[in-house]
Amino acid sequence: MWTDLKAHYARTEGRNILNLFADGDRFGDFSAALGDMLFDYSKTNIDADTRASLIALAETAGVAARRDAMFAGEKINETEGRSVLHTALRNLDGRKVEVDGQDVMPEVLDTLSRMEAFATAVRDGSYSAQGGKITDVINIGIGGSDLGPAMAYRALSPYADGPACHYVSNVDGADIHDVLKKCDPTTTLVIVASKTFTTIETMTNAETARKWMAEQVSDTGAQFAALSSADDKAAEWGIAAERVFGFEDWVGGRYSMWGPIGLSVMIAIGADDFRAFLQGGDAMDTHFLTADFSENLPVLLALVGIWHHQLSGHGTRAVLPYDNRLGRLPAYFQQLEMESNGKSVSMDGSDLTNQAGPIVWGEPGTNGQHAFYQLIHQGTQVVPVEFMVAAKGHEEDLAHHHKLLVANCFAQSEALLRGRSLDECRERMAAKGLTGDELERQARHRVFSGNRPSTTLIYPKMTPYVLGQIIALYEHRVFVEGTILGINSYDQWGVELGKELALALDPILSGEQDGAGKDGSTLGLVKYVQNA
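Attention in this report is confined to the structure presented alongside it. In this convention, every chain numbers its residues from 1, walking through the sequence in written order. Local features in this predicted model are restricted to residues whose pLDDT is 70 or higher, and side-chain atom pairs enter the listing and the counts only when it is 80 or higher, whereas totals over whole chains, interfaces and linings include all residues. The side-chain quantities take in all heavy atoms of the structure and omit both hydrogens and water.

Glancing now at the nonpolar core. One finds L189, F333, L467 and I471 to be the most contacted residues of the largest nonpolar core, which totals 111 residues. Only DSSP runs of H or I covering at least 4 residues are called helices, and only runs of E covering at least 2 are called strands; the numbering of each starts at the N terminus. Ranked by residues supplied to this core, first place goes to helix 18 (residues 464–485) with 12 residues. In contact with L189, other than residues within four places in its own chain, are F118, V122, Y127, I134, D136, V137, I138, Q223, F224, A225 and I267. Throughout this description, the term nonpolar core refers to a set of buried Ala, Val, Leu, Ile, Met, Phe, Trp, Tyr and Cys residues connected via side-chain atoms within 4.5 Å. Type-normalised accessible area, obtained with a 1.4 Å probe on protein chains alone, sets the label of each residue: buried when under 20%, exposed when over 50%, and partly exposed for intermediate values. One finds V168, F197, W212 and V217 within the second-largest nonpolar core, a separate group that totals 23 residues. Only heavy atoms enter the contact rule, under which two residues are in contact if any of them lie within 4.5 Å.

Structure (structure tokens):
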């Protein structure tokens, strides 16, 4: 299949995307919807034959069977011997999901109920701190324990009518220092998000927060909550069992926002809106499970990604949300994709024969237009772009702002498609009175090659439900890509070596060990810090 697809790409590489719109309703044929959400991939170099070949690739790779196995609780994370069931966290109907013959849903729903009771108590003041009603919540985590909730809190700020939420992840002391100075320890709740309660960055920050709080609060444990499965360690911190919310090893960090890791978001927006977020994810799950591949949004998004990266050879993918509140979404998707599919060996341990894991990056529009869009339009490398935008904003009195935002989003995708030819640029320069060599020189600087691919995801308005749909859409996209590539998207062994070396370097930096066995560069850097 791969050989045939690469040959197919070679035959179609030079064609112009704009010319594909000449026949029929290309937009209608190369877009798909889930309710009011529309995914347009007509501005790509994919035709009906290409799509059919890509779908055949997904079918041959066993995407449907592996998808069903994941939802059924089978241990598709084979290198760790674990199920992959973040989908169970948004299964509000409680449909039976078994792991090792045990239905996990009663515990999932019980934990959700406990979270809702606690979040409601924090919001209405029935759970209070030494200084009264909670005014601030500090979520301390890292990776998936931070990126998800921090992103969602900002994205859903129109719905955030609870305590102010702050997020600390970096072990750099500046991170927690800058958050603590904004808060009153007598009215602050600290949430420590660490499955094992041993994550070095998280626990270092948590200890700093505890010392800060202890300066004015006699019982610090009463103002801490733990998102952890290590009940005993949380108890050592004085955190009562009713404020400990655990989750199983079948929930990976970057997929964990649907459960206890989302507690800060629930406190901010309320239990009902958090349930709407879960319902949006569940709706995408149902669509992924039931829609034909030709209309299946996660499958189509994945196949477009495969076409652009593995077959077209484009090394990066830009995610460009035209929504300022989605400012952290590209970073969230960066972790989701690059930590999941940044692999070099297949499931059986053999070397991959295809590239895996494009570099994912991006910023919100329109800011990016005045930064890196120059390279996207006129640079020598092609960067496939994934635009996303809401049809309407939340600020009704500023509707003219949103209209301009949408116009910019559509204009950028059109500009990438159309470009501007040298002849057009010559005419423009001639109209300005230029002639001869200067006309030619100036014209060439203004040429846009065009024929650069993009997709657009559009939805009515950014709501908790829609955010749930989008996050689940991209989760399943990563799954489909990983399955087609034959890799395990649910482990992250590449993260571990750096952690181990950092622990080993700590006593060397403090002078307790001499650094025997370290390379000359590392030792030189250590000595520089010691002598600074």
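Structure's up, so let's keep going.
Let's shift gears to the pattern of salt bridges. We count a salt bridge whenever a side-chain nitrogen from Lys or Arg sits within 4 Å of a carboxyl oxygen from Asp or Glu. According to the stated counting rule, one finds 27 salt bridges in the structure shown. Its salt-bridge partner being R95, residue D282 comes within 2.9 Å of it at the nearest N-O pair. Taken together, the positions of D282 in helix 11 (residues 271–290) and R95 in the loop between helix 4 (63–71) and strand 3 (98–99) put the pair 187 residues apart, joining distant regions of the chain. In this structure, E440 and R426 form a salt bridge, with 2.7 Å as the shortest nitrogen-oxygen distance. Of this pair, E440 sits in helix 17 (residues 436–445) while R426 sits in helix 16 (residues 422–431), and the two are 14 residues apart along the sequence. Classification of R426 as partly exposed rests on a relative accessible area of 28%. Ionic contacts of the salt-bridge type, sharing partners, join the residues R317, E337, E386, R477 and E481 into one network.

Moving on: the packing of aromatic side chains. A pair of Phe, Tyr and Trp rings is counted when the ring centres sit within 6.5 Å of each other, with Trp represented by its six-membered ring. The angle between the planes then sorts it: under 30 degrees is stacked, over 60 is edge-to-face, the rest tilted. Under the criterion given, the structure shown has 18 aromatic pairs. Between Y332 and F333, the ring centres sit 6.0 Å apart and the planes meet at 50°, which makes this aromatic pair tilted. Of the residues examined, Y332 reaches a relative accessible area of 2% and is grouped as buried. What links up through ring pairs into an aromatic cluster is the set F30, F39 and Y41. Distance and angle both matter: a charge sits over a ring if NZ of Lys or CZ of Arg is within 6 Å of the ring centre and within 35 degrees of the ring normal. Sitting over the face of the ring of W237, R210 holds its NZ or CZ atom 3.8 Å from the ring centroid.

Within this analysis, patches are made of residues with over 30% relative accessible area and no salt bridge. Like charges are joined at 9 Å or less; nonpolar side chains (Val, Leu, Ile, Met, Phe, Trp, Tyr) at 5 Å or less. In short, Shrake-Rupley with a 1.4 Å probe defines the accessible areas, and a residue's cover is counted only from the protein chains shown. A cluster of nonpolar residues, L509, Y528 and V529, forms a patch on the protein surface that exposes about 340 Å² of accessible area. Tracing the sequence through the fold places L509 in helix 19 (residues 496–509). What makes L509 partly exposed here is its relative accessible area of 41%.

So, about helix 20 (residues 520–531). An α-helix turns once per 3.6 residues; consequently, residues spaced three or four apart project the same way. Here a helix's expected span is defined as the number of its residues, less one, multiplied by 1.5 Å. In a regular helix each residue adds 1.5 Å, so 12 residues correspond to 16 Å; helix 20 covers 16 Å between its end C-alpha atoms and thus fits that length. Among the 12 residues of helix 20, one are classified as buried, and the element is accordingly described as predominantly exposed.

In short, geometric facts, not functional conclusions.
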